[in-house]
Amino acid sequence: MTSPLTVRGSASVFEATFVVEVLGSDGAVVADKTVTATEGAPGRGVFAVRLGLPPMSGKGKLVVYEVSMEDGSRMNEVRIPLRFVVED
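Described below are features of the structure shown in this document. Worth saying up front: this structure is predicted, and the values here are computed from it rather than measured.

### Brief notes about the packing of aromatic side chains
Taken as a whole, this structure holds one aromatic pair when the rule is applied. Consider the rings of Phe18 and Phe47, whose centres lie 4.9 Å apart with planes at 75°: the pair is edge-to-face. Here the residue Phe18 occupies a position in strand 2 (residues 17-23), and Phe47 occupies one in strand 4 (residues 45-51), the gap between them amounting to 29 residues. When sorted by exposure, Phe18 lands in the same class as Phe47, which is buried. Sitting above the plane of the Tyr65 ring, Arg74 keeps its charged end 3.9 Å from the centroid.

### Remarks on the layout of surface pockets
One way to see where empty space is left: roll a probe the size of a water molecule over the atoms. By volume, the largest pocket amounts to about 230 Å³. Surrounding the largest pocket, 18 residues form its lining, Ser10, Ala11, Phe18, Val64 and Val78 being those nearest its centre. Elements that contribute at least two residues to the lining of the largest pocket include exactly strand 1 (5-11), strand 5 (58-67) and strand 6 (74-84). Class assignment of the residues belonging to the lining of the largest pocket gives a composition of 11 nonpolar, four polar and three charged.

### Overview of the pairing of strand 2
Taken across its seven residues, strand 2 has six buried, putting it largely inside the fold. Taking the residues that link successive antiparallel strands as the turn, the strand 2-strand 3 (residues 29-36) hairpin has five residues, and the phi of Gly27 there is positive, at about 90°.

### Examining the nonpolar core
Ranked by internal contacts, the top residues of the largest apolar core, which has 20 residues, are Val7, Phe18, Val20, Val22, Phe47, Leu53 and Leu62. For this core, the secondary-structure elements that each account for two or more residues are strand 1, strand 2, strand 3, strand 4, strand 5 and strand 6. Setting aside residues up to four positions removed in sequence, Val7 forms contacts with Val20, Phe47, Ala48, Val49 and Leu62.

### What about the sheet that holds strand 3?
With antiparallel pairing, the four strands of this open sheet are ordered in space as 3-2-5-6. In the strand order of this sheet, the two ends are held by strand 3 and strand 6, each with one partner. On average, each strand axis in the sheet is tilted by 15° relative to the strand beside it, whichever way the strands run. Relative to strand 3, strand 2 runs antiparallel, the two sharing seven bridges. Across the sheet, the residue bridging to Val19 is Thr34, located in strand 3.

Parameters at a glance
Residues numbered from 1 in each chain as written. Predicted model: local features only at pLDDT ≥ 70, side-chain atom pairs only at ≥ 80, totals over all residues. Heavy atoms only, no water. Phe/Tyr/Trp six-rings, centres within 6.5 Å; stacked < 30°, edge-to-face > 60°. Helix = DSSP H or I, 4+ residues; strand = E, 2+ residues; numbered from the N terminus. Buried < 20%, exposed > 50% of the residue type's maximum accessible area, 1.4 Å probe, protein only. Lys NZ or Arg CZ within 6 Å of the ring centre and 35° of its normal. 1 Å grid on protein atoms, 1.4 Å probe; cavity = no way out; pocket = protein on both sides within 12 Å on 5 of 7 lines; lining within 4 Å. Points joined across faces, edges and corners; volume = space filled by probe spheres on them. Nonpolar A, V, L, I, M, F, W, Y, C, P; charged D, E, K, R; others polar. Pairing = 2+ DSSP bridges. Core = buried A, V, L, I, M, F, W, Y, C linked by side-chain atoms within 4.5 Å. Contact = heavy atoms within 4.5 Å. Axes fitted to C-alpha atoms, helices over the stretch in contact; angles between N-to-C directions.

Pasting the structure below:
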């Protein structure tokens, strides 16, 4: 994986807003960003976000979720495994 990491796709989320995080091998957040898609629910908007990452190796995760407007909890969380490699 190279830095910066580009995450792109489509989303159907309230007010078109959600959070993208990268977790390192220890589970700590190493990068995060609030993202706004081009359209909110019930439509489906597109997005692209770049996240700068520190040099690291091992396994991690890409985590994407909505924040509940009611109580601030995470909703519709998706976790995708990542593998980090430091290149010479």
